[in-house]
Amino acid sequence: MSSISIRGVAKSYGNTPVIHDLDVEIAEGEFIVVVGPSGCGKSTLLRMIAGLERITGGEIAIGQRVVNELEPKDRDIAMVFQNYALYPHMSVFDNMAYGLKIAGLPREEIRQRVDRAAAILELADFLERKPRQLSGGQRQRVAMGRAIVRDPSVFLFDEPLSNLDAKLRVQMRLEIKQLQRSLGTTSVYVTHDQVEAMTLADRLIVMNAGVAEQIDTPLAVYSHPASRFVAGFIGSPAMNFLEATLTEDGSHLGLTTGDRLTLDHRPDGLGGGQNVTLGLRPEDLLLCQEPEASLHLRVEMVEPLGADTLVHGRLSAGNGAASEGADTTLVSATAGLMTLRLPGTAHFDQGERLPLRATPKSLHLFDAANGRRLS
Amino acid sequence: MQKRVTFRHLTLPYLFILPQLAITIVFFIWPAGEAIYQSLLRQDAFGLNTRFVGFENFERLFADPLYIDTLWRTLGFSVSVTLLSMLSALLFAVMADHVIRGATTYKTLLIWPYAVAPAIAGVLWWFLFNPSVGILAYLLQGLGYDWNPFLDGDDAMILVVIASAWKQVSYNFLFFLAGLQAIPRSLIEAAAIDGAGPVKRFWSIVFPLLSPTTFFLLVVNVVYAFFDTFGTIHATTSGGPGQSTTTLIYKVFNDGFIGLNYGSSAAQSVVLMIIVIGLTVVQFRYIERRVHY
Ligand SMILES: Nc1ncnc2c1ncn2[C@@H]1O[C@H](COP(=O)(O)OP(=O)(O)O)[C@@H](O)[C@H]1O
Ligand SMILES: [Mg+2]
């Protein structure tokens with residue numbers, strides 16, 4: 001078990017920067033998930049921690065030791081690869097024992113450690129098999145086993161579940177979480193799947209184009225996304241975004257439809273008449289009676305999921321609100337498709353117009369220019 | 001599931017394979033049949049009389065200490081050529097696998113020798129190692145080694161081994177490089193994290209994973225050394241000095257075309273034919289099965 005300090009780390013391939021000035025302190029035993037779209041630099045970050053990729057700038061320390069110049073084998077880490085990277089010509093036992101043999105452990109101890117790992121991972125019956133004789137889930141376990149037998153101070157995972165089918169993925173996700181809890185080993189886990197990220201992480205690093213946009217607990221990231229990117233990336237279905245303008249007195253937001261939403265306080269540093277991006281989670285749009293409605297949605301498509309129903313549609317102008325001279329000038333863009341998450345299996349017809357409201361607390365405001373959260 | 005083309009007419013498929021069949025019959029089956037037939041005959045010294053002698057040519061052959069010597073020499077030659085060409089090719093391939101800049105140029109240069117005709121390769125090395133004009137011979141003499149492949153049988157053997165191996169390096173290189181590049185990078189990285197250094201990684205991961213390629217090349221190279229080195233030997237040493245670089249294939253030529261002993265020469269061809277058939281069987285059997293890990 002070790003802490004990991006990443007201080008001002010940067011990486012470029014030639015002249016192409018891939019990771020910009022990243023800072024994060026990972027505590028002992030913490031489960032950190034790096035999440036972001038494909039190509040944002042997650043694997044590169046992980047591989048720099050592993051020592052498979054040179055660090056262009058900054059410093060990485062594992063425990064108290066700066067590891068920038070250390071070989072992977074001297075960093076006391078274990079890594080689980082996306083394709084598992086099992087040695088195809090070795091049995092499951094030999095795959096797990098390989099690192100221990102190199103470390104020069106006595107035979108008896110190797111046997112014990114592998115047996116213990118095999119018992120935890122339910123691989124005891126497969127120790128003599130070759131990787132190609134195993135199912136995807138079993139191979140994944142062998143890869144995990146290879147990591148845990150060495151009892152390293154850090155686990156690194158690079159999308160270890162992305163080659164499994166959906167059901168197995170959910171199961172393995174739980175197993176990884178339990179295993180990490182019981183071993184208490186500091187872990188860095190890379191994934192592009194935000195559900196995986198939310199369920200596994202003690203803390204998330206949300207990355208976008210080589211920049212850590214937010215580092216926080218899953219719930220904090222969900223409820224207070226630091227940027228428009230994070231807001232859109234975390235949460236499924238994704239947050240709805242609308243162009244809006246702060247009214248002169250700062251008490252309301254004017255929408256392009258002419259509707260107005262009440263704010264509970266004036267956002268910091270925002271002048272009257274300024275444009276903002278408004279974010280609304282699909283579950284924060286509430287069905288209501290016509291008099292309380294501040295928005296209206298024209299239903300275009302309904303997806304009943306069982307417990308929830310997703311309603312897709314477009315905002316439509318409020319009752320006569322659009323004709324109020326002052327507000328029509330605010331119309332700057334057309335509203336896009338919106339998604340609502342409504343509980344239960346309520347029935348909606350296409351073309352139906354739903355009256356909606358949103359509480360001031362559930363509004364997320366982002367700077368229209370740089371996408372930073374406004375508080 | 002295999003994809004299959006079905007023909008409505010029975011003659012059409014035969015027409016398709018006819019050209020290939022004709023070539024095979026004219027250039028392979030017929031000469032082979034002729035060789036087998038000739039190996040059972042014997043001509044008198046003046047070529048006037050030919051009679052059927054059964055397996056007598058073969059009996060004489062294996063009773064002849066010169067032939068047995070040649071057999072051992074050929075084995076030694078083949079093993080040397082195979083080892084030398086495969087080891088250098090593996091070394092080049094491992095290095096090329098690490099080259100990123102200029103990789104294409106490097107590979108192209110290594111492939112060139114394959115396009116050189118065997119006789120030209122022989123002449124090339126003949127010049128390089130010529131005791132009076134060759135630069136390599138000059139270097140060896142400079143080192144105090146009394147190099148002379150025209151007089152010394154061992155020197156001559158070294159010369160033909162190098163010349164023959166050189167030609168085959170390209171071919172082996174291509175296969176080894178392809179084999180190396182088919183090994184997922186993450187395997188090597190996993191081994192590095194597991195604590196294996198470069199040498200350990202090579203012998204415990206890379207080399208075992210190359211074994212299908214290695215086995216395939218082993219057979220191909222032995223076949224090459226046995227049968228395809230005639231031109232190289234002919235252009236460098238002509239089998240000499242004495243018999244010191246005469247391999248089985250060279251002896252077939254020597255006894256048949258120079259010594260005009262058709263019966264014996266044909267019998268030797270048949271022996272070679274059996275060897276190549278044996279090697280091919282080994283290759284087909286094992287390449288399909290054993291080499292899978
Ligand atoms: N060896 C490399 N050479 C050049 N560019 C690379 C290399 N490896 C990755 N990149 C680039 O770095 C960026 C981040 O890659 P990566 O860390 O693999 O992303 P991901 O978040 O999908 O894991 C990508 O734009 C990729 O094209
Ligand atoms: Mg990746």
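Points about the overall build of chain A
Here is step 1: Across its full length, chain A carries nine helices and 21 strands.
Here is step 2: Principal-axis analysis of the C-alpha atoms gives chain A an extent of 85 × 45 × 35 Å.
Here is step 3: Split into buried and exposed, the 375 residues of chain A put 51% on the buried side.
Here is step 4: Contacts in chain A between residues far apart in sequence, at least 24 positions, make up 68% of those at least 6 positions apart.
Here is step 5: For chain A, the accessible area works out to roughly 16,400 Å², and carbon and sulfur atoms hold 49% of it.
Here is step 6: Side-chain charges in chain A split into 38 positive and 46 negative, and the spacing between the mean points of these groups amounts to 7 Å.

Thoughts on the overall build of chain B
Here is step 1: Helix and strand counts for chain B come out as 13 helices and two strands.
Here is step 2: When each of the 293 residues of chain B is scored for burial, the buried share is 41%.
Here is step 3: Taking as baseline every contact in chain B between residues at least 6 positions apart, the subset at least 24 positions apart corresponds to 66%.
Here is step 4: Carbon and sulfur atoms make up 69% of the accessible area of chain B, which amounts to about 17,100 Å² in all.

Re the site of ligand 1
Residues and elements named next belong to chain A.
Here is step 1: The immediate surroundings of ligand 1 are formed by Y13, V18, P37, S38, G39, C40, G41, K42, S43 and T44.
Here is step 2: G39 has a polar backbone atom sitting 2.6 Å from an oxygen atom of ligand 1.
Here is step 3: For ligand 1, an oxygen atom lies 2.6 Å from a polar atom in the side chain of S43.
Here is step 4: The protein chains hide 54% of the 560 Å² of surface that ligand 1 would expose on its own.
Here is step 5: Classifying every residue of the shell around ligand 1 gives four nonpolar, five polar and one charged.

Digging into the interface of chain A and chain B
Here is step 1: Counting residues at the interface gives 22 residues for chain A, matched by 18 residues for chain B.
Here is step 2: For the pair chain A and chain B, the summed buried area comes to about 1,700 Å², and 65% of that belongs to carbon and sulfur atoms.
Here is step 3: Together, K73(A), H89(A) and Y98(A) form the three largest contributors to the area buried by chain A at its contact with chain B, with a combined 30%.
Here is step 4: At the surface where chain A touches chain B, the tally comes to two salt bridges.
Here is step 5: Among the salt bridges present, the one from E189(B) reaches R47(A), with a minimum N-O distance of 2.7 Å.
Here is step 6: Elements represented by at least two residues in the side of chain A that touches chain B include exactly α1 (42-50), β6 (77-80) and α2 (92-102) of chain A.
Here is step 7: Split into classes, the residues belonging to the side of chain A that touches chain B amount to 14 nonpolar, three polar and five charged.

Structural notes on the nonpolar core
Generally speaking, nonpolar side chains in soluble globular proteins are found buried as a group.
Here is step 1: Membership of the largest hydrophobic core comes to 60 residues, with the highest contact counts inside it found for I6(A), I60(A) and L156(A).
Here is step 2: Excluding residues that lie within four positions of it along the chain, I60(A) makes contacts with I4(A), S5(A), I6(A), V9(A), M48(A), I49(A), I55(A), R65(A), V66(A), V67(A) and N68(A).

Comments concerning the packing of aromatic side chains
For any pair of aromatic rings, the description rests on two quantities: the centre-to-centre distance and the angle between the ring planes.
Here is step 1: The final tally for this structure, using the stated rule, is 21 aromatic pairs over all chains.
Here is step 2: Aromatic pair F202(B) and F207(B): ring centres 6.1 Å apart, planes at 40°, arrangement tilted.
Here is step 3: Residue class for F202(B) comes out buried when judged on its relative accessible area of 15%.
Here is step 4: Classification of F207(B) as partly exposed rests on a relative accessible area of 29%.
Here is step 5: In textbook terms, an aromatic cluster arises when at least three aromatic residues are bridged by ring pairs, as seen for F31(A), F155(A), F157(A) and Y189(A).

Observations concerning helix α5 (residues 118-128) of chain B
Residues and elements named next belong to chain B.
Here is step 1: Buried residues of α5: A121, G122 and W125, and no others. All buried residues of α5 fall inside an arc of 100° around its axis, so they share one side.
Here is step 2: If you follow the buried residues of α5, they end up packed against α6 (135-142), α7 (153-181) and α11 (230-236).

Some thoughts on the pairing of strand β3 (residues 31-35) of chain A
Residues and elements named next belong to chain A.
Here is step 1: Of all five residues making up β3, five are buried, and the element is well covered by its neighbours.
Here is step 2: Of the two faces of β3, the one carrying F31, V33 and V35 and the one carrying I32 and V34 are both buried.
Here is step 3: Across five bridges, β3 lies against strand β8 (residues 186-191) in parallel orientation. Looking across to β8, one finds that V33 is bridged to Y189.
Here is step 4: Inspection of the sheet shows β3 paired to strand β9 (residues 203-208) by four bridges, in the parallel sense. Looking at β9, one finds that V33 is bridged to L204.

A short note on the pattern of salt bridges
Residues and elements named next belong to chain A.
Here is step 1: For the structure on display, the rule yields 17 salt bridges over all chains.
Here is step 2: Linking E59 and R7 is a salt bridge whose minimum nitrogen-to-oxygen distance equals 2.5 Å. In this pair, E59 is assigned in strand β4 (residues 57-62) and R7 in strand β1 (residues 4-13), connecting sequence segments 52 residues apart.
Here is step 3: The salt bridge partner of K101 is D94, with a shortest N-O separation of 3.1 Å.
Here is step 4: When its relative accessible area of 46% is taken as the criterion, K101 is described as partly exposed.

So, the confidence of the model for chain A
Here is step 1: This prediction gives chain A a mean pLDDT of 88; 95% of its residues lie at or above 70.
Here is step 2: Per-residue pLDDT stays below 50 along residues 320-335 of chain A; that stretch engages in 18 contacts with residues further than four places along the chain or on separate chains.

Things to note about the sheet that holds strand β5 (residues 65-66) of chain A
Residue and element names in this part refer to chain A.
Here is step 1: Judged by pairing direction, the sheet is antiparallel, and its four strands sit side by side in the order β2-β1-β4-β5 without closing on themselves. Strands at the two margins of the open sheet, each flanked by one partner only, are β2 (16-26) and β5.
Here is step 2: Examined bridge by bridge, β1 and β4 share five bridges and lie antiparallel to one another. Residue R7 lies in a different strand from β4, and its bridge partner there is E59.

Structural notes on the environment of G57(A)
Residue and element names in this part refer to chain A.
Here is step 1: Inspection of the secondary structure puts G57 in strand β4.
Here is step 2: C-alpha separation for the pair G57 and L22, spaced 35 residues apart in sequence, amounts to 9.8 Å.
Here is step 3: Ignoring sequence-local partners within four residues, the contact set of G57 consists of G8, V9 and A10.

Topic: the side chain of T247(B)
Residues and elements named next belong to chain B.
Here is step 1: The topology assignment puts T247 in the loop between α11 and α12 (248-258).
Here is step 2: Using a relative accessible area of 1% as the deciding quantity, one classes T247 as buried.
Here is step 3: Excluding its chain neighbours within four sequence positions, the residues that come into contact with T247 are T70, T74, F77 and I233.

Quick notes on the rules
Each chain has its residues counted from 1, running along the sequence as written. Chain A is the first chain written and ligand 1 is the first ligand written, with later ones labelled in order. Residue-level local features of this predicted model are given only where pLDDT is at least 70; pairs of side-chain atoms are given and counted only at 80 or more, and the full residue set underlies all totals for whole chains, interfaces and linings. The side-chain numbers reported here are obtained from all heavy atoms of the structure, hydrogens and water having been left aside. Strands here mean DSSP runs of E at least two residues long; helices mean DSSP runs of H or I at least four residues long; both are numbered from the N terminus. Between buried and exposed lies partly exposed: a residue is buried under 20% and exposed over 50% of the maximum accessible area for its type, with that area taken using a 1.4 Å probe on protein chains only. For this analysis, residues touch if any pair of their heavy atoms sits within 4.5 Å. To measure how exposed things are, a 1.4 Å probe is used in the Shrake-Rupley method; for residues, cover is taken only from the protein chains shown. Positive charges come from Lys and Arg alone, negative charges from Asp and Glu alone, with His and the N- and C-terminal ends not counted. For this purpose, a charge sits on NZ of Lys, CZ of Arg, CG of Asp or CD of Glu. Think of it this way: one heavy atom of a residue within 4 Å of a molecule or strand is enough to make that residue near it. Any N or O atom pair separated by 3.5 Å or less is treated as a polar contact, with the protein-specific requirement of one donor-capable and one acceptor-capable atom, and with residues adjacent in sequence counted only for side-chain atom pairs. Put simply, Ala, Val, Leu, Ile, Met, Phe, Trp, Tyr, Cys and Pro go in the nonpolar bin, Asp, Glu, Lys and Arg in the charged bin, and everything else, Gly too, in the polar bin. When two parts are brought into contact, each loses some accessible area as probed by a 1.4 Å sphere; the total of that loss over both is the buried area. Any carboxyl oxygen of Asp or Glu within 4 Å of a side-chain nitrogen of Lys or Arg constitutes a salt bridge here. Buried Ala, Val, Leu, Ile, Met, Phe, Trp, Tyr and Cys residues form a nonpolar core when they are joined through side-chain atoms within 4.5 Å. Aromatic rings from Phe, Tyr and Trp, with only the six-membered ring used for Trp, were paired whenever their centres fell within 6.5 Å, and each pair was classed as stacked if the ring planes differed by under 30 degrees, edge-to-face if by over 60, and tilted otherwise. Along the arc lie the directions from the helix axis toward the C-beta atoms. Between any two strands, pairing holds if DSSP finds at least two bridges. Per-residue confidence from the prediction method is given by pLDDT, with values spanning 0 to 100.

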